[in-house]
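Take a look at the letters that make up each chain.
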Amino acid sequence: MDTQVYLTAYGLNSLDQGIIVLTIDNHGVYSKKCIAVNGKSNMVIKTKDGLICSVQEPEGNYLLFYTIDGTLQEKIKTEHFYSFGTLSNGYLLLASFDDGLDSSYHLTTHQWTSNVHHRSDITTKGRSHFIKRIGNKIITVDNAYQQIYVYEDETLKHFEVIDFEMGLNLRLLSFDEGRNRMFLNTELTNELLVLSIDKWQEIDRIKINKSKSCFSGGNAIDTEHHLVCVSMRCENMIYVFDYDKNMLLVEKMPTKRMPRDLIVIGESLYVTCTDDNCVEVFSLRSFKKINEIEVMQPVTFSM
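Keep in mind it's a predicted model, so treat the numbers as computed, not measured.

Please set out the nonpolar core residue by residue, giving values where relevant.
Of all hydrophobic cores here, the largest spans 39 residues; its most connected members are L63, L92, I148, F164, L173 and L184. Per-element accounting of this core gives the leading share, five residues, to strand β9 (residues 91–96). Residues V194, C214, V230 and Y239 belong to the second largest nonpolar core, which totals 15 residues.

Which residues make up the pairing of strand β10 (residues 101–106), and what are the values?
Counting buried residues in β10 gives six out of six residues, a clear majority hidden from the surface. On β10, burial covers both faces: L101, S103 and Y105 on one face and D102, S104 and H106 on the other are all buried. Taken together, the six bridges between β9 and β10 define a ladder with antiparallel strand orientation. Residue pairing in the sheet places L92 in a bridge with Y105 of β10. The hairpin formed by β9 and β10 contains four residues between the paired strands, and G100 there has a positive phi angle of roughly 65 degrees. Judged from the six bridges that link them, β10 and strand β11 (residues 111–117) form a sheet pairing that is antiparallel. Bridge pairing in β11 places L101 opposite H117. From the end of β10 to the start of β11, which pair antiparallel, there are four residues, and H110 there has a positive phi angle of about 60 degrees.

Could you give an account of the layout of surface pockets, naming the residues involved and the relevant values?
As a volume, the largest pocket reaches approximately 810 Å³. What lines the largest pocket is a set of 33 residues, and nearest its centre among them are F84, F130, L172, D261 and M303. Contributions of two or more residues to the lining of the largest pocket are made by β4 (40–46), β12 (128–134), β16 (170–176), β20 (215–222), β24 (259–265) and β28 (298–301). In this structure, the second largest pocket occupies an estimated 210 Å³ of space. Taken together, 15 residues form the lining of the second largest pocket, with T3, I24, D25, S268 and Y270 sitting closest to its centre. Those elements that provide at least two residues to the lining of the second largest pocket are β25 (268–273) and β27 (289–294). The residue inventory of the lining of the second largest pocket, partitioned by class, reads six nonpolar, seven polar and two charged.

Requested: an account of the pattern of salt bridges, with residues and values cited.
Per the stated rule, a full pass over the model turns up 17 salt bridges. Taking the shortest distance from any N to any O, the salt bridge between D244 and R179 comes out at 2.5 Å. Within this pair, whereas D244 is found in the loop between β22 (237–242) and β23 (248–254), its partner R179 is found in the loop between β16 and β17 (181–186), the two being separated by 65 residues in sequence. D244 gets classed as partly exposed once you look at its relative accessible area, which sits at 41%. As a salt-bridge pair, R233 and E187 come within 2.8 Å of each other at their nearest N and O atoms. In this pair, R233 is assigned in strand β21 (residues 227–233) and E187 in the loop between β17 and β18 (191–196), connecting sequence segments 46 residues apart. Residue R233 shares its accessibility class with E187, and that shared class is buried. Sharing partners across several salt bridges, the network here consists of E165, E191, E202 and R205.

Mind laying out the sheet that holds β22, listing which residues take part and the relevant values?
Two strands in a sheet stick together by hydrogen bonds in their backbones, pointing the same way (parallel) or opposite ways (antiparallel). Spatially, β20-β21-β22-β23 is the arrangement adopted by the four strands of the open sheet, whose pairing is antiparallel. Only two strands of the sheet have a single partner each, and these edge strands are β20 and β23. Mean inter-strand twist for the sheet, computed between neighbouring axes without regard to direction, equals 20 degrees. Pairing analysis gives six bridges linking β22 to β23, with the strands arranged antiparallel. Looking across to β23, one finds that F241 is bridged to L249.

Can you tell me about the sheet that holds strand β6 (residues 60–67), naming the residues and giving the values?
What the four strands build is an open sheet, ordered β4-β5-β6-β7; its pairing is antiparallel. A strand with exactly one partner marks an edge of an open sheet, and here the two such strands are β4 and β7 (72–78). Going from strand to strand, the sheet's axes swing by 20 degrees on average, the running direction of each strand aside. In this sheet, β7 lies alongside β6 in antiparallel orientation, the contact comprising six bridges.

Describe the environment of Q201, and please don't skip the residues or the numbers.
Among the structural elements, Q201 can be located in the loop between β18 and β19 (202–207). Placed 39 residues apart in sequence, Q201 and I162 show a C-alpha to C-alpha distance of 9.9 Å. Residues within four places of Q201 in sequence aside, it is in contact with V194, L195 and S196.

Cut-offs and rules
- Residues numbered from 1 in each chain as written.
- Predicted model: local features only at pLDDT ≥ 70, side-chain atom pairs only at ≥ 80, totals over all residues.
- Heavy atoms only, no water.
- Core = buried A, V, L, I, M, F, W, Y, C linked by side-chain atoms within 4.5 Å.
- Buried < 20%, exposed > 50% of the residue type's maximum accessible area, 1.4 Å probe, protein only.
- Helix = DSSP H or I, 4+ residues; strand = E, 2+ residues; numbered from the N terminus.
- Pairing = 2+ DSSP bridges.
- 1 Å grid on protein atoms, 1.4 Å probe; cavity = no way out; pocket = protein on both sides within 12 Å on 5 of 7 lines; lining within 4 Å.
- Points joined across faces, edges and corners; volume = space filled by probe spheres on them.
- Nonpolar A, V, L, I, M, F, W, Y, C, P; charged D, E, K, R; others polar.
- Salt bridge = Lys/Arg side-chain N within 4 Å of Asp/Glu carboxyl O.
- Axes fitted to C-alpha atoms, helices over the stretch in contact; angles between N-to-C directions.
- Contact = heavy atoms within 4.5 Å.

Rendered as structure tokens:
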């Protein structure tokens, strides 16, 4: 059965600027399709029968709604440019890194239900970097103020804030609800924080790399085999930990330059290597590279 992978790319010399659709068969043979956009896009969401993309065009910011084959159905002008998003109970939940806020859009009524600015008590903007339903809460991460926002529901009306020490640069969360574990990597200290989902307590903290010239990028989880993978930019390496064995480091996999985002599909790990214009594919059984696909300036996988 073919595997389809969706991601965004900045493109290079008018190539691959937009949503990239990769179709890969069991032998690693692939085809590539680009749904072109007129600007910068960091976010694509695959829905049941379509795609949603946030784009920063020369004349403003937009949400673009496509059919699954790439036909544009609707274009909505937005005040903010969103870099992360997810679907939850009929809502489109969005995080703006540039403006430091979280937004909620109801897909049936086509109404914006909430905009929550991080740290609204001060003038400096936060950087909202992640939004997702985890358990019975909506979770967002602030990269500037080192905070996790915990919302009660999709309306984003009521929330609590969990503070971490400054200087970490919190990045992204992956999670295993069955094991009551979340994994949060830090960009500047190159650590992997292990948190409980139910009480938000820090259970463990792993030092991935001591170098101050490397920066943690993305992380992804293989819940079936209890593996969490973290990319290290500048070192160009993927670290693989087994969280069923006290966060044992089981493998280090070298990558092309600037491994930015990760996603686990089946028994494979896909990695966007932005500076070397490719998506690399690794087996999570042999920990060997099994494919490399040319994509100009790939950024993030579908959310």
